[in-house]
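# Observations on the three-dimensional arrangement
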Amino acid sequence: MNILKLVIKNITRRRGRFIFTLLGITIGMAAFVALLSLGGNMRAEVTRQAHAMGASLIVTPKNWCAYDQISILTGNALPESLQLEVYEAVAAIEGITAVPYLTQKTAVQNNPVTVTGILPAEMKEFMSWEVAKGDYFSSVDERAIVLGYGIAERFELDLKDSIRIQGEEFPIKAILAQTGSNDDVSIFLPLAVVQEVFEVEGYISYIAAQVADLSKLEFYEAAIIEVANVSVTSDRQLLSAVLSMLGSVNMTLQLIAGVALIAAAFGIINTMMTAIYERRREIGILRAIGAKGSSIFKIFVLESGLYGLLGGLLGVVLGLAVSALVAPLIAESSFNDLLKGAQIEVSLDPGIIALSIIFALVISVASGLYPAWKASRLTPVEAISYE
């Protein structure tokens, strides 16, 4: 008896039922794979953006909550909460290189964009910026704009253009080379100009600092706190907070996908139980000609396992395709501050592919155990006499 041939014939006997049962496991696995793939790539992108900040320590007001600190990484506008004197005190500490940020909001073509006030020379050296077009700021109070690469590309802006901020037109003087960080989606003006235009003279939003010796990070944290009544967060702590939040969201979505897989598993159970009642006479004949209960058990387990194998393979293909389509939409979404401007790429991770197929196979086999046991318990007499 060719068991494999018999299994294939049995599951394809009712084509409609076969297709719908297969679709259940395929869609469940596709959702699982898509979320797993996107989650892994988003974590990698957030980590890359955090490293691109170039800061070892972030100095913020004490009253800022976790959301405010996360907004530093996302490049969102933040309130002017620190006096400029705090920056001067931090920058004066030996072994620390610091730069101030003052972030505000404006609009370009009716789309919200972050305006960042900086000390031109200090920021260029701190971030190792390169200019792709035009000339960088020539003074600390020049009333002109240096544009991030992503902003210029998205809104098709060039050196001949200007941007209106708080009712004043500012010409674009330079466009930065692509950095891969949130600098690509920001508008930069000298700090003094932003303070004047937004009427927040003498204030900044936060401070980014690099330390000469990373092994003395706690020493520098204590030194900063000593000279100013502020909160100091390391880049690792900031990254950990963002990844924790992202992980919670991703886990929730995966649990939703898991519910779809459980529903698919019950679909397989229902299909297999129905098949038992339809094929009682066939089972009885197999038992009458010498087939053992273990052979019947094996046939039904293989049938359910085949659903898992086919559904897993199709689910992986469909899930990766969905990921590739959805990833650009996530990065471009106006509601997505965490990854705005990011280039989320979907990679063919062999680990995810193998894990997904094995997972689908295990769920399907587990779903077929009870129906297979039920079928193997039928005696030749009761099977053949079934009407």
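Just above, that's the structure.
Cut-offs and rules
Residues numbered from 1 in each chain as written. Predicted model: local features only at pLDDT ≥ 70, side-chain atom pairs only at ≥ 80, totals over all residues. Heavy atoms only, no water. Buried < 20%, exposed > 50% of the residue type's maximum accessible area, 1.4 Å probe, protein only. Helix = DSSP H or I, 4+ residues; strand = E, 2+ residues; numbered from the N terminus. Pairing = 2+ DSSP bridges. Arc of directions from axis to C-beta. Contact = heavy atoms within 4.5 Å. Phe/Tyr/Trp six-rings, centres within 6.5 Å; stacked < 30°, edge-to-face > 60°. Lys NZ or Arg CZ within 6 Å of the ring centre and 35° of its normal. Salt bridge = Lys/Arg side-chain N within 4 Å of Asp/Glu carboxyl O.

## Concerning the pairing of strand 7 (residues 162-165)
Only one face of strand 7 is covered, namely the face carrying Ile163 and Ile165; the face carrying Ser162 and Arg164 is uncovered. Of the strand pairs in this sheet, strand 7 and strand 8 (residues 168-176) are connected by four bridges, and their pairing is antiparallel. When the bridges of strand 8 are listed, Ile165 appears paired with Glu168.

## Details of the pairing of strand 4 (residues 111-118)
When you tally the buried positions in strand 4, you get six out of eight residues, the bulk of the element. Here strand 3 (residues 96-108) runs beside strand 4; their pairing, made up of seven bridges, is antiparallel. Directly across from Val108, in strand 4, lies its bridge partner Asn111. In this structure, the hairpin formed by strand 3 and strand 4 is closed by a connection of two residues, where Gln109 is found at a positive phi of approximately 50°.

## Topic: helix 8 (residues 217-227)
Here helix 8 has its buried residues at Leu217, Tyr220, Glu221, Ala223 and Ile224. The buried residues of helix 8 occupy an angular sector of 165° when the element is viewed end-on, so they sit on one face. In helix 8, those exposed residues whose orientation departs by more than 90 degrees from the buried face are Glu218, Phe219 and Glu226. On its buried side, helix 8 packs onto strand 1 (57-60), helix 4 (84-91), strand 3, strand 11 (206-211) and strand 12 (231-234).

## Description of the packing of aromatic side chains
Counted according to the given criterion, the structure contains six aromatic pairs. Ring geometry for Phe219 versus Tyr220: centroids 5.4 Å apart, planes at 70°, classification edge-to-face. On the basis of relative accessible area, Phe219 is assigned to the exposed category, the value being 54%. Owing to a relative accessible area of 6%, Tyr220 belongs among the buried residues under this scheme. An aromatic cluster of three or more residues is present, and its members are Trp129, Tyr136, Phe137 and Phe188. Between Lys124 and the ring centre of Tyr136, over which it is positioned, the NZ or CZ distance is 4.9 Å.

## What to know about the pattern of salt bridges
Under the counting rule described, the total for this entry stands at five salt bridges. Glu169 is the partner of Arg164 in a salt bridge, and the nearest nitrogen-oxygen pair spans 3.2 Å. For Arg164, a relative accessible area of 47% gives the class partly exposed. Connected via shared salt-bridge partners are Arg143, Glu168 and Glu196.

## Comments concerning unusual backbone geometry
At Glu156, a residue that is not glycine, the phi angle is positive and equals roughly 55°. Here Glu156 is to be found in the loop between helix 6 (149-154) and strand 7. Relative accessible area serves as the criterion here: at 70%, Glu156 is assigned to the exposed category. Its identity as a non-glycine residue notwithstanding, Glu199 has a phi of 55°, on the positive side. One can find Glu199 in the loop between helix 7 (191-197) and strand 10 (203-204).

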